[in-house]
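Coordinate analysis (summary)
For reference, the chains in residue letters:
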Amino acid sequence: MTTFLLNFLYAVTIDKRTREPRRVLFFLLYYGIGSFVTFIVFTMVLLCFEVYDFPFARNFIYRQLGEPVLLAIEAVLF
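These remarks concern the structure in this document. Please read all numbers here as calculations on a predicted model, not as lab measurements. (Residues numbered from 1 in each chain as written. Predicted model: local features only at pLDDT ≥ 70, side-chain atom pairs only at ≥ 80, totals over all residues. Heavy atoms only, no water.)

Let's talk about the overall build of the chain
Spelled out, the test is: Helix and strand definitions here come from DSSP, where helices need a minimum of 4 consecutive H or I residues and strands a minimum of 2 consecutive E residues; each element is numbered from the N-terminal end. Only heavy atoms matter for contacts: two residues are in contact if any of them lie within 4.5 Å across the pair. Throughout, the Shrake-Rupley method with a 1.4 Å probe supplies accessible areas, and for residues the shown protein chains are the sole cover considered.
Looking only at helices and strands, one finds four helices and zero strands in the chain. From first element to last, N terminus to C terminus, the chain shows the α and β order α-α-α-α. Residue pairs in contact within the chain that sit at least 24 positions apart in sequence constitute 23% of those at least 6 positions apart. Taken as a whole, the chain presents about 6,700 Å² of accessible surface, with 71% of it coming from carbon and sulfur.

This is the structure in structure tokens:
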């Protein structure tokens, strides 16, 4: 199974004719990972404001995302 997965990932990421990485895939990975990291950092900053008793952070997250999403984010981060 591992060999199949590695062969599949190689076929998806490398062009057989030129043996170069596919630019679109790495472009999407670059911005996808960057946006996820930005989201995590922004959420952690808001949660740190909550620790220092700035209730607007929790109110902002509750209003925008809802309580179940906030609890899931806190579980992932901590």
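Some thoughts on helix H4 (residues 67-77)
Selection criterion: The classification of residues rests on relative accessible area computed with a 1.4 Å probe and restricted to protein chains. Under 20% of the type maximum is buried, over 50% is exposed, and intermediate values are partly exposed. The directions considered for the arc run from the helix axis to the C-beta atoms.
Where H4 is concerned, the buried positions are Leu-70, Ile-73 and Leu-77. Angular distribution of buried residues about the axis of H4 spans 65°; they occupy a single face of the element. Away from the buried face of H4 by more than 90 degrees, exposed residues Pro-68, Ala-75 and Val-76 are located.

Some points on unusual backbone geometry
For Arg-19, which is not glycine, the phi torsion reads 55° and is therefore positive. Relative to the elements of secondary structure, Arg-19 occurs in the loop between helix H1 (2-13) and helix H2 (23-51). Residue classification places Arg-19 among the exposed positions, given a relative accessible area of 63%.

Considering a nonpolar patch on the surface
The following threshold applies: A patch consists of residues exposed above 30% relative accessible area that lack any salt bridge, with like charges linked at up to 9 Å and nonpolar side chains (Val, Leu, Ile, Met, Phe, Trp, Tyr) linked at up to 5 Å. When a carboxyl oxygen of Asp or Glu lies within 4 Å of a side-chain nitrogen of Lys or Arg, that pair is called a salt bridge.
A surface patch of nonpolar side chains, amounting to about 800 Å² of accessible area, comprises Phe-26, Leu-29, Ile-33, Phe-36, Val-37, Phe-39, Val-41, Val-45 and Phe-49. By the secondary structure assignment, Val-37 is in helix H2. The exposure class of Val-37 is partly exposed, given its relative accessible area of 43%.

Let's talk about the packing of aromatic side chains
Filter applied, for reference: Any pair of Phe, Tyr and Trp rings, taking the six-membered ring for Trp, is counted once the centres come within 6.5 Å. Such a pair is stacked with planes under 30 degrees apart, edge-to-face with planes over 60 apart, and tilted for the rest.
In the structure shown here, the tally under the stated rule is two aromatic pairs. Between the aromatic rings of Tyr-30 and Tyr-31, the centroid separation amounts to 5.0 Å while the plane-to-plane angle is 90°, which identifies the pairing as edge-to-face. Members of the aromatic cluster, joined through ring pairs, are Phe-27, Tyr-30 and Tyr-31.

Details of the nonpolar core
Just so we agree on the cut-off: Remark: nonpolar core denotes a set of buried residues (Ala, Val, Leu, Ile, Met, Phe, Trp, Tyr, Cys) joined through side-chain atoms within 4.5 Å.
Within the largest apolar cluster, five residues are counted, these being Ile-40, Leu-47, Leu-70, Ile-73 and Leu-77. If you list the elements that add at least two residues to this core, you get H2 and H4. Of the residues forming this core, the biggest block, three residues, is contributed by H4.

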